[in-house]
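So the chains spell out like this:
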Amino acid sequence: MRAHIGDRIVIESLHLEIPPRIGVIVGVARPGGRPPYQVRWLSNGHVTLIIPGPDARIEPLPRPPEEAG
């Protein structure tokens, strides 16, 4: 998994009645965009350090073509 600052992270719930957790990546600790990530959660504004599991996905922030490489 690789991410950049500004990307969204979505962590799916194992239960249908619980919505996914959605946050914005505000810090990337390792080169190349590898975890752990500092995430500001949209639901409460808290910032936490996470190592995403298999239930997580990254939604990249749209970037201009010259930066997307």
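Structure: above.
Quick caveat: nothing in here was measured; it's all calculated off a predicted structure. (Residues numbered from 1 in each chain as written. Predicted model: local features only at pLDDT ≥ 70, side-chain atom pairs only at ≥ 80, totals over all residues. Heavy atoms only, no water.)

Student: Mind showing me how you'd approach the side chain of D7 here?
Tutor: Secondary-structure assignment places D7 in the segment before β1 (8-11). Judged by its relative accessible area of 2%, D7 is buried. Here the side chain of D7 touches H4 through a polar contact of 2.9 Å, landing on its backbone nitrogen. (Helix = DSSP H or I, 4+ residues; strand = E, 2+ residues; numbered from the N terminus. Buried < 20%, exposed > 50% of the residue type's maximum accessible area, 1.4 Å probe, protein only. Polar contact = N/O pair within 3.5 Å; in protein donor to acceptor, adjacent residues only side chain to side chain.)

Student: What exactly am I supposed to notice about the pattern of salt bridges here?
Tutor: Where charged atoms of side chains with opposite charge meet at close range, the side chains can pair. Evaluation of the coordinates by the stated rule reveals two salt bridges. As a salt-bridge pair, R57 and E12 come within 2.3 Å of each other at their nearest N and O atoms. Of the two residues, R57 sits in strand β5 (residues 56-59) while E12 sits in the loop between β1 and β2 (21-28), which places them 45 residues apart along the sequence. Residue classification places R57 among the partly exposed positions, given a relative accessible area of 37%. (Salt bridge = Lys/Arg side-chain N within 4 Å of Asp/Glu carboxyl O.)

Student: Looking at this structure, how should I read the packing of aromatic side chains?
Tutor: Aromatic rings considered in pairs are described by the distance between their centres and by the relative angle of their planes. The full count for this structure, using the stated rule, is zero aromatic pairs. Here the basic side chain of R21 rests over the ring of W41, its NZ or CZ set 3.9 Å away from the ring centre. (Phe/Tyr/Trp six-rings, centres within 6.5 Å; stacked < 30°, edge-to-face > 60°. Lys NZ or Arg CZ within 6 Å of the ring centre and 35° of its normal.)

Student: So what exactly am I meant to see when it comes to the sheet that holds strand β3 (residues 37-41) here?
Tutor: The five strands are arranged β4-β3-β2-β1-β5 in an open sheet whose pairing can be described as antiparallel. Strands with a single pairing partner mark the edges of an open sheet, and in this sheet they are β4 (47-50) and β5. The average angle at which neighbouring strand axes cross in this sheet is 35 degrees, direction not considered. (Pairing = 2+ DSSP bridges. Axes fitted to C-alpha atoms, helices over the stretch in contact; angles between N-to-C directions.)

Student: When you look at the nonpolar core in this model, what are you seeing that I'm missing?
Tutor: Here is a general trend for soluble globular proteins: nonpolar side chains tend to be buried in one another's company. Of all hydrophobic cores here, the largest spans ten residues; its members are A3, I9, I11, I25, Y37, V39, W41, I50, A56 and I58. At the level of secondary structure, the elements contributing two or more residues to this core comprise β1, β3 and β5. When residues no more than four places from it in sequence are discounted, the contact partners of A56 are M1, I9, V10 and I11. (Core = buried A, V, L, I, M, F, W, Y, C linked by side-chain atoms within 4.5 Å. Contact = heavy atoms within 4.5 Å.)

Student: Before we go on, may I ask you to explain unusual backbone geometry in this structure?
Tutor: Leave glycine aside and you will find that most residues have negative phi; peptide bonds, for their part, are mostly trans. The omega angle of the peptide bond from P35 to P36 is 10 degrees, so this bond is cis rather than trans. As for its position among the elements, P36 is in the loop between β2 and β3.

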